[in-house]
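# Reading the structure
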Amino acid sequence: MAETREGPGRRGKRPGAAADEPAEAERPGRRRRSFQPAEEPRGTTVLHDTVSDRPQPLPARYFDTSTTEPISFYLSGLEELLSWKPNSNDEFNVSAVPLAKRQPLLHSKRPRTLVCHDMRGGYLEDRFIQGSATRNPYVFYHWRYIDIFVYFSHHTVTIPPVCWTNAAHRNGIPVLGTFITESLDGQKLCEAFLSGGEEAYLAVSNQLARIAQHYRFDGWLINIENTLSAAAVGNLPPFLRQLTAQVHSAVPGGLVIWYDSVLQNGTLQWQNELNEQNRVFFDACDGFFTNYNWKEEQLERTRSLAGPRLTDVYVGIDVFGRGDVVGSGFDTDKALRMIRQYGLSAAIFAPGWVYEHLGEENFLQNEDKFWSLLAQYLPTHSICTLPLATSFSLGMGTSRFLAGKEEEAGPWYDLSLQEIQPLYPELKGRLSTSCCLQDAWCGGSSLRVQGVIPPGEEHVATRLFSLQMPAPPKLFLTLLYKLEGSNPDEFTVSLELTTWDSATCHEGNVTSLPETNGRHHPRFLPAPPPGLAKLLAACGHGSNGWTSRCYELDLQDCSLRDLSLLVSRHQPSPQETPFTCLLGEVRVLDAANVAASPPQVHSLAASQLWWQEGPEAEQLSLSLTLHWAFPPGRADCFRIFSQGARCPRGQTSPQLLGLANGCLYRAVGLVVPRPAAQQSCRLELLVEPVLRDELPVDPDRWGRLVLVYSEPASATS
């Protein structure tokens with residue numbers, strides 16, 4: 001059950017609100033009347049605003065009608081699709097996270113894994129673009145094991161909520177929306193754009209490609225689940241070919257995948273395989289997603305017909321097990337094993353079964369169990385760019401942490417703030433990795449590594465990330481950890497990097513001998529090197545029970561392979577030694593880039609100011625949209641602060657308002673003092689960039705905006 005908060009909390013869309021209805025139009029409110037920006041020295045923007053009683057219309061498609069928070073949306077019907085065009089109100093829905101590079105490339109010939117999200121109809125708490133106060137939300141975080149993510153709903157045009165695109169892209173996974181038609185209404189829609197001439201279906205394909213390009217997701221799953229006339233089905237392959245070509249042109253690496261539904265004669269009849277009756281659609285696009293009630297002989301026929309494109313066939317697995325299936329639930333591995341025996345790709349449909357069927361309370365444990373059962377059949381992919389920096393946050397939590405200290409109590413959920421996720425290795429009885437919500441360095445969670453050091457062994461290595469990239473000449477690595485248990489002093493925690501076998505790879509200078517096993521143990525830095533004191537100021541100085549360590553490693557002509565956590569015991573023992581370690585943050589940095597001066601947040605401005613009464617007699621509630629400029633790709637997110645409002649009759653305290661993934665943020669329900677007649681108040685807002693390498697940025701490079709506001713001349717105090 002989702003929780004809600006009053007005032008600046010999150011609420012659902014009011015039932016019956018139309019797409020073009022102004023948010024809050026029926027309630028008396030206040031908004032800006034005058035707006036004159038002026039630049040102060042030191043880059044501070046000063047705005048002057050007069051509180052006014054006129055309501056501000058914000059379209060309900062893009063903003064929640066109760067709070068004016070930005071929300072994700074879908075399109076219903078052909079008319080909404082054809083009339084869609086970008087506008088200034090939908091900027092929050094544009095993904096701010098580019099698709100991270102990965103190895104192997106998606107189009108390599110190894111079998112792939114597609115996950116098709118189907119969670120209670122979609123657009124639940126994930127529609128709130130800036131997050132919600134949801135307890136025990138559904139999250140996905142085993143990104144290293146999959147290749148494509150599809151956001152599915154039964155609306156005609158499912159535009160993936162931007163939080164899913166941001167989380168997936170950060171972990172190197174492309175995201176597809178869904179174009180679906182169903183039943184009699186779907187049949188009428190298809191006839192409207194497919195049974196006529198080329199112009200009608202070209203208009204639809206053009207709009208779908210434009211939508212993917214504008215919101216920066218990666219393509220479409222096409223699901224036509226209704227019968228078609230001879231004229232309509234005849235135009236379906238050219239429509240698919242045109243859509244595929246347009247998506248490829250508009251979206252680098254874009255994809256169009258067809259779902260096993262109608263046949264080439266227009267009949268709706270799921271085949272559970274690729275065959276001559278549906279091959280025409282496979283030939284017209286990038287992939288084919290089969291229905292779920294297949295048998296082994298159908299896999300064999302599919303493999304034969306697909307030929308060299310066998311990995312473009314995604315054999316469907318319904319985790320709910322509807323119909324006659326090979327395996328589902330915690331037996332999904334049975335179906336996946338059979339699919340892999342034939343070299344085919346897999347499409348795992350509705351893995352939210354773990355959440356919906358087994359419940360919310362133990363979701364994370366059950367989710368780890370589900371994916372660990374499949375892991376041996378899921379080829380992983382590697383990170384291939386630096387910096388690599390993560391605090392392992394899932395984009396949710398029971399509290400929000402900063403520098404190892406609880407910054408804000410209470411549940412929160414924002415997948416856009418999910419960080420790069422590790423491999424989550426599991427060895428029964430020997431090693432497990434899981435999320436820890438009770439303690440974290442930054443965000444909402446840390447990574448708990450539990451295991452035993454076997455008798456006679458000195459250490460255990462836990463593989464966190466697979467890497468595939470040339471190693472720069474010098475690396476800096478940082479680690480924040482906390483040992484739990486009664487005897488933490490018995491252990492040493494460190495990082496290990498491995499490199500791919502190469503006769504030319506050397507640690508140190510070229511006269512050094514190569515490592516025989518490709519394992520490198522970076523040198524511990526008790527103090528930061530000259531010139532980097534500020535950068536690595538925390539080395540060796542933990543806080544709130546966390547230990548911080550910094551390392552350096554010099555490599556020549558090497559290629560990085562794995563990053564592992566090494567837990568060692570100080571004394572050998574004939575008995576196994578259990579340990580529990582929380583990882584709060586790991587960073588791998590190219591030393592050549594870390595000393596670069598961070599850019600400045602500039603052009604900070606505000607718009608869509610919305611004044612309301614209360615909550616107390618001498619207070620006002622302010623909502624406004626901040627937008628600013630910052631070089632693309634340099635920031636992982638931005639932290640938005642209020643320094644408080646000051647008036648002659650009172651003031652408010654500084655507070656963290658929230659975090660933004662892109663260069664805009666809507667502050668909602670900010671309580672400020674009401675100005676007295678003929679007096680003004682001053683509200684200061686700050687935007688702090690959080691860089692991809694998570695290194696601190698001086699406050700003089702933050703964005704700063706001062707809002708000077710007053711009552712109109714005719715108002716009484």
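Calculation rules
- Residues numbered from 1 in each chain as written.
- Predicted model: local features only at pLDDT ≥ 70, side-chain atom pairs only at ≥ 80, totals over all residues.
- Heavy atoms only, no water.
- Axes fitted to C-alpha atoms, helices over the stretch in contact; angles between N-to-C directions.
- Helix = DSSP H or I, 4+ residues; strand = E, 2+ residues; numbered from the N terminus.
- Left-handed = near helix turned anticlockwise from the far one by under 90°.
- Contact = heavy atoms within 4.5 Å.
- Nonpolar A, V, L, I, M, F, W, Y, C, P; charged D, E, K, R; others polar.
- Salt bridge = Lys/Arg side-chain N within 4 Å of Asp/Glu carboxyl O.
- Buried < 20%, exposed > 50% of the residue type's maximum accessible area, 1.4 Å probe, protein only.
- Phe/Tyr/Trp six-rings, centres within 6.5 Å; stacked < 30°, edge-to-face > 60°.
- Lys NZ or Arg CZ within 6 Å of the ring centre and 35° of its normal.
- Disulfide = S-S within 2.5 Å.

### Looking at the packing of helix α7 (residues 296–306) against helix α8 (residues 332–341)
Running from amino to carboxyl end, α7 crosses α8 at an angle of 35°, the nearest separation of the two axes being 10 Å. Relative to α8, α7 is oriented so that their crossing is right-handed. Along the contact surface, α7 presents E296, L299 and R303, while α8 presents M338, I339 and Q341. Here the contact of α7 with α8 is built from residues that sort into three nonpolar, one polar and two charged.

### Some thoughts on the pattern of salt bridges
Oppositely charged side chains may form a pair once their charged atoms are brought near each other. A complete count under the given rule lists 26 salt bridges for this structure. R301 is the partner of E273 in a salt bridge, and the nearest nitrogen-oxygen pair spans 3.0 Å. Of the two residues, E273 is situated in the loop between β10 (255–259) and α6 (279–282) and R301 in helix α7; the sequence distance between them amounts to 28 residues. The exposure class assigned to E273 is buried, which follows from its relative accessible area of 8%. One salt bridge in this structure joins E684 and R682, with 3.6 Å as the shortest N-O distance. When its relative accessible area of 31% is taken as the criterion, R682 is described as partly exposed. Several salt bridges converge on common partners, so that one network encompasses K474, R523, E552 and D554.

### Remarks on the packing of aromatic side chains
Inspection of every chain in the model, using the stated rule, returns 37 aromatic pairs. Between the aromatic rings of Y138 and W164, the centroid separation amounts to 6.3 Å while the plane-to-plane angle is 35°, which identifies the pairing as tilted. Here W164 lies in helix α2 (residues 162–170) and Y138 lies in the loop between β5 (113–117) and β6 (148–151), a separation of 26 residues in the sequence. The exposure classification of Y138 matches that of W164, with both residues buried. Taken together, the ring pairs connect Y74, Y123, Y138, F140, W143, F149, Y151, W164, Y355, F363, F370 and W371 into an aromatic cluster. The ring of F282 carries the charged tip of R309 above its face, separated from the ring centre by 3.9 Å. The cationic tip of K369 hangs over the ring face of F330; the distance from NZ or CZ to the ring centre is 4.2 Å.

### So, unusual backbone geometry
Trans is the common state for peptide bonds, and a negative phi is the common state for residues other than glycine. Between Q103 and P104 the backbone carries a cis peptide bond, its omega angle lying at -5°. Mapped onto the fold, P104 is located in the loop between β4 (102–103) and β5. Between G614 and P615 the backbone carries a cis peptide bond, its omega angle lying at 10°. Positionally, P615 belongs in the loop between β30 (602–613) and β31 (619–629). Even without a glycine there, the phi angle at F392 is positive, about 70°.

### A word on the state of the cysteines
This model, assessed by the stated rule, comprises two disulfides. Paired by a disulfide, C505 and C558 hold their sulfur atoms 1.9 Å apart. A torsion of 95° about the S-S bond marks the disulfide between C505 and C558 as right-handed. Of this pair, C505 sits in the loop between β23 (491–499) and β24 (506–507) while C558 sits in the loop between β27 (547–556) and β28 (559–569); the two residues are 53 residues apart in sequence, bridging distant segments of the chain. Across the pair, C558 and C505 agree in class, each one buried. Here C647 engages in a disulfide with C681; their sulfurs sit 1.7 Å apart. Note on the C647 and C681 pair: the S-S dihedral is about 120°, so by sign convention the disulfide is right-handed. Here C681 lies in strand β36 (residues 680–691) and C647 lies in strand β32 (residues 635–647), a separation of 34 residues in the sequence. Considered together, C647 and C681 belong to a single accessibility category, that of buried residues.

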